[in-house]
Amino acid sequence: MIEELYTPKQIELRGRSRELAETTMRPLAAKYDVAQEYPWEVQKAVKEAGLSGVWIPEEYGGLGGGVLDLCIVVEEFSRACGGMGVAFAVNALGSFPIIVGGTDEQQERFLPGIAAGEKLVAFGLSEGKAGSDAGSMITRAERDGDVYVLNGEKKWNTNGAVASLNTIFAVTEPGRGARGISGFVVEKETPGYRVGKHEDKMGIRCVPVVEIHLEGCRVPADNLLGGKEGRGFKHAMITLDRARPGVAAQAVGLAQGALDLAMEYTHERQQFGQSVSSFQGVQWMFADMATQIEAARQLVHTAARTIDSGHKNISKVSAMCKLFATDVAMKVTTDCVQLFGGYGYCKDYPIEKYMRDAKITQIYEGTNQIQRLVIARNLLREAASESS
Ligand SMILES: Cc1cc2nc3c(=O)[nH]c(=O)nc-3n(C[C@H](O)[C@H](O)[C@H](O)COP(=O)(O)OP(=O)(O)OC[C@H]3O[C@@H](n4cnc5c(N)ncnc54)[C@H](O)[C@@H]3O)c2cc1C
């Protein structure tokens, strides 16, 4: 990170996040990866370090930082443990719909608890048969007096098993497609809200990813996001535009963390009577990886700055940074496993976990094929408006 490009507050934030990641997250990463348990002790440490609400406005008890501040923290956490990075970042994904679409009253009611680290929050868009095509969801929300009755199943709900709040998207007006979808803040104690199957995942194993069953779940009408029906899909898409740099920052952290480990290992490892890191073929790999990581980091930070500036069209740059950084993470972590030789393939060393954790960044919050669609659509729209 070129320090001159960042505010003193951001440099301090990076230092605080790195210290927490090195002292608390790295030593616990393997334990929670094996146990597949949510790391409550890490969540407590994040809370005590005052980092729970980095992206939440100061008036609601947050640090008032933007997407760039969020990315700086997520990169540092993910450098030590990709799972712990997403366990933190998913709270931004879950709370962005409230920030971008909630009424003042909803923001006052829900954001302070999230900012204080008292309440974790999840994001419920995907369903078993509605992934890339999230607009084809079938979970229903029907008005009944002063409540909405929700019925359906949400799939792949990160944090769902531990979150007090869940921003759930459901169809309020069938037949209207995306315009018939609304967002709700659902509290976990709501009758009819049930956590189902826990996924047994390849990576990010410390974060529970679960099914959420909504069985006659009666949600107060006051929890309809923005107080109006039909805005949910738009809020979900704006949320993804704002949250994708966070996934990209997770990818940058994973790639950087893997490179750090590979450089250390190959320095110690002797073959043909010398350090493996002294071979030019290996050094060129380091140079390529470091260059790709820095390019990814700068694209992520450019996207984050664009979003923080209030720019209207953020979809393209947000998708670009997610696409580029996550592909870099997959390549770099795979190459780093290679540099550990046979030991890289075994769980005695931490490097294989980086490769497992990196894979999901190419899939969630829109697969990289979908990012390409978003980028191409924007390019074509821009070209059409320039020629008209
Ligand atoms: C661990 C994990 C955590 C997740 N967390 C959350 C969460 O917290 N909240 C949430 O709402 N969702 C979450 N998701 C869901 C995630 O966003 C979806 O898995 C993802 O969007 C892809 O949807 P799908 O799995 O149904 O795949 P599909 O949409 O069925 O896609 C299958 C394949 O087809 C490709 N494809 C689909 N459409 C096109 C197209 N038009 N052009 C080209 N290729 C295409 C895809 O890229 C993919 O390769 C999570 C998923 C996982 C695995």
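Not measured: the values here are computed from a predicted model.

(A) Quick peek at the nonpolar core. Among the nonpolar cores identified, the biggest contains 103 residues, and Met25, Trp55, Phe77 and Phe88 are the most heavily contacted of them. Among the elements that take part in this core, helix α6 (residues 232-268) stands out by supplying 16 residues, more than any other. With residues near it in sequence (within four places) discarded, Met25 still touches Leu20, Val42, Val46, Phe77, Ala80 and Met84. Judged by nonpolar contacts, the second largest core, of 15 residues, contains Ile168, Val186, Leu214 and Val219.

(B) Representation of the layout of surface pockets. What the second largest pocket holds in volume is close to 250 Å³. In terms of lining residues, the second largest pocket is bounded by 15 residues, among which Ala29, Ala30, Tyr349, Pro350 and Lys353 are the most central. Listed by contribution, the elements that provide at least two residues to the lining of the second largest pocket are α1 (8-35) and α9 (351-359). Here the lining of the second largest pocket is built from residues that sort into eight nonpolar, no polar and seven charged. Here the lining of the second largest pocket spans two domains, and each of domain 1 (3-115) and domain 3 (234-382) adds at least three residues to it.

(C) How the structure looks around the pattern of salt bridges. Going through the model one piece at a time under the given rule, you end up with 28 salt bridges. Glu41 serves as the salt-bridge partner of Lys31, at 3.4 Å between the closest nitrogen and oxygen. With Lys31 in helix α1 and Glu41 in helix α2 (residues 40-48), the pair connects residues that are ten residues apart, well separated along the chain. Connected through shared salt-bridge partners, Asp33, Asp200, Arg205, Lys347, Glu352 and Arg356 make up one network.

(D) Molecular detail of the pairing of strand β4 (residues 165-171). Taking burial as the measure, the seven residues of β4 include seven buried ones, the bulk of the element. Both faces of β4 are covered, namely the face carrying Leu165, Thr167, Phe169 and Val171 and the face carrying Asn166, Ile168 and Ala170. Note that strand β1 (residues 121-124) and β4 share four bridges and pair parallel. Along β4, the bridge assignment pairs Phe123 with Thr167. Of the pairings in the sheet, the one linking β4 to strand β5 (residues 181-187) comprises seven bridges and is antiparallel in character. Among the inter-strand pairings, Val171 is bridged to a residue of β5, identified as Ile181.

(E) The domain arrangement of the protein, seen in detail. Domain assignment breaks the protein into domain 1 (3-115), domain 2 (121-229) and domain 3 (234-382). Between domain 2 and domain 3, the C-alpha centre-to-centre distance is 30 Å. With nine residues of domain 2 at the contact, the number on the domain 3 side is 13 residues. Summed over both sides, the interface between domain 2 and domain 3 buries roughly 830 Å², with carbon and sulfur atoms accounting for 76% of that surface. Here domain 2 is connected to domain 3 by zero salt bridges. In this assembly, domain 2 and domain 3 are joined by two residue pairs in polar contact (both at pLDDT 80 or more).

What counts and what doesn't
- Residues numbered from 1 in each chain as written.
- Predicted model: local features only at pLDDT ≥ 70, side-chain atom pairs only at ≥ 80, totals over all residues.
- Heavy atoms only, no water.
- Core = buried A, V, L, I, M, F, W, Y, C linked by side-chain atoms within 4.5 Å.
- Buried < 20%, exposed > 50% of the residue type's maximum accessible area, 1.4 Å probe, protein only.
- Helix = DSSP H or I, 4+ residues; strand = E, 2+ residues; numbered from the N terminus.
- Contact = heavy atoms within 4.5 Å.
- 1 Å grid on protein atoms, 1.4 Å probe; cavity = no way out; pocket = protein on both sides within 12 Å on 5 of 7 lines; lining within 4 Å.
- Points joined across faces, edges and corners; volume = space filled by probe spheres on them.
- Nonpolar A, V, L, I, M, F, W, Y, C, P; charged D, E, K, R; others polar.
- Domains from an automatic or database assignment.
- Salt bridge = Lys/Arg side-chain N within 4 Å of Asp/Glu carboxyl O.
- Pairing = 2+ DSSP bridges.
- Buried area = accessible area lost by both parts, 1.4 Å probe.
- Polar contact = N/O pair within 3.5 Å; in protein donor to acceptor, adjacent residues only side chain to side chain.

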